[in-house]
Amino acid sequence: AVVSTQSTGDMVTCYHRNVCQDGFAVTDCADAVFLDLPCPWEAIPHTLRAFSPDGGRICSFSPCIEQVQKACAALAQHGFEEIQTFEGIERQYQLSRKRIWEPFVGNQRHKKYRSDQRTGDKATNGWLNAYVKGGPKKDGVGHTGYLTFATLPARELLRSRDQNEGSRDTEQKSRDTEGDVME
């Protein structure tokens, strides 16, 4: 409903289904996939069919680091690259106004705070301008979550890499067998 009200209906397709078991409802057309699942590593193999031949980006939200570890392992196993995880913890920031007493500048007492020589009155206000200090509150424990991003390269790129690695493996095996024969 939100997608259609934002004039993005022709660019975004949303489905509600068990992608861990049934896979995605689309094939060879997704540019991006967002997962918010208890077991994202179970859905990652299905994303390979959903992504377009040009590859794409995936984002997975997980509240626990153990889920992130399993998802990252599955991403790497299925050819995803540039795997990055970011923690997003909500913390409240506290702002406070601080004032500094600084009657001396270098070794000289600042003229603003000197006694008035003519009347003998002493300077009473030594406060300089206030500044605002901010930082996270120290009390309370927050709940965190993790966003993991990865890139699936284009299928042609993956195929050419597989072919290159296959030819390197074959060359290495033939070298190994030649060495066995010569000894």
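Refer to the structure presented above.
Structure report, in brief. (Residues numbered from 1 in each chain as written. Predicted model: local features only at pLDDT ≥ 70, side-chain atom pairs only at ≥ 80, totals over all residues. Heavy atoms only, no water.)

Overview of the side chain of Ser 60
Moving on, step 1. Turning to its location among the elements, Ser 60 is positioned in strand E2 (residues 56-62).
Moving on, step 2. In this structure, Ser 60 is in contact with Leu 35, Pro 40, Tyr 146, Leu 147 and Thr 148, ignoring residues within four places of it in sequence. (Helix = DSSP H or I, 4+ residues; strand = E, 2+ residues; numbered from the N terminus. Contact = heavy atoms within 4.5 Å.)

Some details on the packing of helix H3 (residues 40-50) against helix H4 (residues 65-77)
Moving on, step 1. Where H3 meets H4, the axes come as close as 8 Å, and the angle between the chain directions of the two elements is 20 degrees. When the axis of H3 is compared with that of H4, the two are roughly parallel. Seen along the crossing, H3 lies across H4 with a hand that is right-handed. Residue-level inspection shows Pro 40, Trp 41 and Ile 44 of H3 in contact with H4, the latter providing Gln 67, Lys 70, Ala 71, Ala 74 and Leu 75.
Moving on, step 2. Broken down by class, the residue content of the contact of H3 with H4 amounts to six nonpolar, one polar and one charged. (Axes fitted to C-alpha atoms, helices over the stretch in contact; angles between N-to-C directions. Parallel < 35°, antiparallel > 145°, perpendicular 65-115°, else oblique. Left-handed = near helix turned anticlockwise from the far one by under 90°. Nonpolar A, V, L, I, M, F, W, Y, C, P; charged D, E, K, R; others polar.)

Some words on the sheet that holds strand E3 (residues 81-87)
Moving on, step 1. Pairing is mixed across the open sheet formed by four strands, whose spatial order is E1-E2-E8-E3. Looking at which strands have only one partner, the edges of the open sheet turn out to be strand E1 (32-35) and E3. Strand-to-strand, the axes of this sheet are offset by a mean angle of 15 degrees, without reference to chain direction.
Moving on, step 2. In terms of strand pairing, E3 meets strand E8 (residues 146-152) through five bridges, oriented antiparallel. Looking at the pairing, Glu 87 lines up with Tyr 146 of E8. (Pairing = 2+ DSSP bridges.)

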